[in-house]
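Spelled out from the first residue to the last, the chains are:
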Amino acid sequence: MKRSELRNVAIIAHVDHGKTTLVDGLLRQSRTFRENQQVNERVMDSNDLERERGITIMAKNTAVNYKGTKINIVDTPGHADFGGEVERVMNMVDGVLLLVDAVDGPMPQTRFVLRKALQAGHKAIVVVNKIDRPNARPQWVVNETFDLFVELGASDEQADFAVIYASAINGISGTDHHNLHDTLEPLFDAIIERIPAPDVEVDEPIQMLVTNTFFDDYRGKIMMGRIRRGTLNKGQSVVRIDHEGNQKPAKIVQIFTYNGLDRREVEASSAGDIVAIAGIADGMIGDTVADANNPEQLPVIAVEEPTVRMTFGVNTSPFAGREGSHVTSRKLRDRLYAERERDVALRVEDTDVPDAFSVSGRGELHLTILIENMRREGYEFQVSRPEVIFRMVDGVRMEPIEQVEIEVSEQYQGAVIELLGQRRGIMRDMVYREDGTVMLSFHVPTRGLLGFRQQLLTATRGEGQLNALFFEYQPLAGEINTRSYGSLVASESGVTTSFGLHGAQERGQLFVAAGLDIYEGMVIGQHIRERDLEVNVCKKKHLTNMRSSGADDALRLETPRNMSLDDAVEYIGDDELLEVTPKAFRLRKRLLSMDERKRDQKRREMALQAESV
């Protein structure tokens, strides 16, 4: 039977094409909020990190009521690094709203999220958003989007999509971009007409696939998913079936459905609805909640494999334990494995070293967000440089290749092409735009993109915009030198002085200011040459009767480079680590002692000589 009073829809798009802003408009115009209620912009971006970065990181659920129909809405991330969030929510919905910018058209992440929707068999409504932009070209965007549907293998029914033109921030929409309504009603009507109602079996034994889990301080672990068949009742006895097919009895303590931004407790809910349940303490994403008398497992959620990994380890610097509240390997291990349960695209493995763990993800941003969340929770640890995950296929070593699109002013296109050429990038397309910008498309090894964003911003004076998407695995492209400068390394522990820094700044760019505690082996700047250089930035000027200590005040120091977490992760070298604490990021050498580094260098040189012989 069809549940005609219900629709389940996900909103998918490229980064910054207006998904979360559109959800704001749908919530406001469905009278979810009171007339006088104060509501933040991008209300679905609920955590601090999402608001600071202006991106959606985690998929979130809400629901609105329109003309007697309940519409469950899932807001998804637009960045491919968080593609695991998109892949798992496709199991919960019956159709998607594909947002496309009225100027940019389909972008790399548009391809990724649309491919996942089409593979799941969903129908789409294309929303050409930001139609009020001065350079909007809606007809071109619709044509490009249709070509993308065809290229991705859409069926005839999927390619016959409805088009709604909208400005989410202004709350207007329409089927004709020359004649827009003052509300989002045309979009609501399209959802009711074009997104199919759930096809359900209410009288069959209960079956639900867990697509998300989160923790509540009062109720413990809560599992969320869509009821595939049957009716779920409060207090009902069920069976949890894990990935391996093992069964464990459980009991449903509470059932919640979504209404606006709230979860409301209900006594029962039937097939087709998206619910959250409490009472199963050890459930994981991909588990099946089934009838106790007739347990049948649903297919486990399948996601694409990670392409980049980093090593997380206990902080071993001289400053260990000063700033963090969670510093032991047990705490670090528990936190990483707990994240693995929530994030289906993340892989966590123990290593040969008891206090170090291998963490694999979809990209640098995926892992950087995890690092930032842990830092804010009080964890103190160290991480290695990101490295690419290779594969062996028929005896050939393969590496991941990214599809890269860079939007930049015409005057900088030569610099960008040269930079990516050095990183084994192959140009696929170049499109000049009327506003004086050019869109460059490349296929680049993932290795070549590690540490590239900062170079791009420098070469384009901060104007370059980069978007990357995993393309495929190809044979190893060859040697890539992603770092052309060495580091300035502190040769002594102590407090930095103006006198010491003044001498060091002539050798490169500094990362630290005067009056800062440092330790031997800490990276305090970037050298102007390829090799590392040990410098003493703690030395003071010798005092005589001809000089005064106040003479240091006359020394002019350049403003040090303020390294963000993303900058620091991009900068790390093979022999370096990043120390992460709740208060600071510190770059350091793996071997802090200068003598140990020299001995290690000699061993490496001898090993290379032995191999060549």
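Provided above is the structure to which this section pertains.
Residues numbered from 1 in each chain as written. Predicted model: local features only at pLDDT ≥ 70, side-chain atom pairs only at ≥ 80, totals over all residues. Heavy atoms only, no water.

Chemist: I tried to follow helix α8 (residues 329-342) on my own but got confused; where do I start?
Modeler: In an α-helix, one full turn covers 3.6 residues, which means residues spaced three or four apart are oriented alike. Counted at 1.5 Å a residue, the expected span for α8 with its 14 residues is 20 Å, and the 20 Å between its end C-alpha atoms agrees. Within the span of α8, buried status applies to L332, R335, L336, Y337, E339 and R342. (Helix = DSSP H or I, 4+ residues; strand = E, 2+ residues; numbered from the N terminus. Expected span 1.5 Å × (residues − 1). Buried < 20%, exposed > 50% of the residue type's maximum accessible area, 1.4 Å probe, protein only.)

Chemist: Help me understand the pairing of strand β18 (residues 288-291) in this model?
Modeler: Remark: a regular strand shows side chains that alternate across the two faces of the sheet. When strand β9 (residues 207-216) meets β18, the two strands line up antiparallel, connected through 3 bridges. Paired with M208 across the strands is V289, a residue of β18. One ladder, built from 4 bridges, connects strand β12 (residues 237-241) with β18; its direction is antiparallel. Residue pairing in the sheet places I241 in a bridge with T288 of β18. (Pairing = 2+ DSSP bridges.)

Chemist: Honestly, the packing of helix α10 (residues 413-422) against helix α12 (residues 452-459) in this entry has me stumped. Any pointers?
Modeler: When two helices pack together, their arrangement is captured by the angle between the axes and the distance separating the axes. For the pair α10 and α12, interaxial distance at closest approach is 10 Å and the crossing angle is 155 degrees. Between α10 and α12, the angle is such that the two are roughly antiparallel. Remark: the crossing between α10 and α12 carries right-handed chirality. Across the interface between the two elements, A415, V416, L419 and L420 of α10 pack against F452, Q455, L456 and A459 of α12. Residue composition of the contact of α10 with α12, grouped by class: 7 nonpolar, 1 polar and no charged. (Axes fitted to C-alpha atoms, helices over the stretch in contact; angles between N-to-C directions. Parallel < 35°, antiparallel > 145°, perpendicular 65-115°, else oblique. Left-handed = near helix turned anticlockwise from the far one by under 90°. Contact = heavy atoms within 4.5 Å. Nonpolar A, V, L, I, M, F, W, Y, C, P; charged D, E, K, R; others polar.)

Chemist: Before we go on, may I ask you to explain the packing of aromatic side chains in this structure?
Modeler: Between two aromatic rings, the relevant description is the distance of the centres plus the angle of the planes. One pass over the structure, following the stated rule, counts 7 aromatic pairs. Here the aromatic rings of F319 and Y519 are separated by 5.0 Å at their centres, their planes lie at 90 degrees, and the arrangement is edge-to-face. In this pair, F319 is assigned in the loop between β19 (308-314) and α8 and Y519 in the loop between β32 (517-518) and β33 (523-527), connecting sequence segments 200 residues apart. The pair F319 / Y519 is uniform in exposure class, with both members buried. Measuring from centroid to centroid gives 5.3 Å for F511 and Y571, while their planes differ by 90 degrees, and the two rings are edge-to-face. Of this pair, F511 sits in the loop between β31 (508-510) and β32 while Y571 sits in helix α14 (residues 565-571); the two residues are 60 residues apart in sequence, bridging distant segments of the chain. For Y571, a relative accessible area of 7% gives the class buried. One aromatic cluster in this structure is built from F146, F149 and F161. The ring of W140 has R137 sitting right over it, with the charged end atom 3.7 Å from the ring centre. Cation over ring: R397 sits above F390, and NZ or CZ is 4.1 Å from the ring centre. (Phe/Tyr/Trp six-rings, centres within 6.5 Å; stacked < 30°, edge-to-face > 60°. Lys NZ or Arg CZ within 6 Å of the ring centre and 35° of its normal.)

Chemist: Mind showing me how you'd approach the packing of helix α1 (residues 19-29) against helix α7 (residues 185-194) here?
Modeler: Relative to each other, α1 and α7 sit at 95 degrees, their axes nearing to 11 Å. By the criterion of interaxial angle, the relationship of α1 to α7 is roughly perpendicular. Along its contact with α1, which presents L22, L26 and Q29, the element α7 presents E185, L187 and F188. Looking at side-chain class alone, the contact of α1 with α7 contains 4 nonpolar, 1 polar and 1 charged residues.

Chemist: Help me out: how do you make sense of the pattern of salt bridges in this one?
Modeler: Opposite charge on two side chains permits pairing when their charged atoms draw close. Counting across every chain of the model gives 35 salt bridges. For D101, the salt bridge identified is with K130, shortest N-O distance 3.7 Å. Taken together, the positions of D101 in strand β4 (residues 95-101) and K130 in the loop between β5 (123-129) and α5 (138-151) put the pair 29 residues apart, joining distant regions of the chain. Residue D101 is classed as buried on the basis of its relative accessible area, which comes to 1%. Its relative accessible area of 21% is what places K130 among the partly exposed residues. Note that R385 and D574 form a salt bridge whose closest N and O atoms lie 2.8 Å from each other. One end of the pair, R385, is in the loop between β22 (381-383) and β23 (387-388); the other, D574, is in the loop between α14 and β35 (576-580), with 189 residues separating them in the sequence. Given the relative accessible area of 19%, R385 is considered buried. Salt bridges here are not isolated pairs; linked through shared partners, they connect R240, K248, D282 and D287. (Salt bridge = Lys/Arg side-chain N within 4 Å of Asp/Glu carboxyl O.)

Chemist: Got a minute to help me understand the sheet that holds β33 in this structure?
Modeler: The pairing of strands in a sheet happens through backbone hydrogen bonds and is either parallel or antiparallel. Taken in spatial order, the 4 strands make up an open sheet running β31-β33-β29-β34, and their pairing is mixed. With one partner strand each, in any of the chains shown, β31 and β34 (533-535) form the two edges of the open sheet. Direction aside, the axes of adjacent strands within the sheet are offset by 35 degrees on average. In the sheet, strand β29 (residues 487-490) pairs with β33 via 3 bridges, with the strands oriented antiparallel. For V489, the partnering residue across the bridge sits in β33 and is V523.

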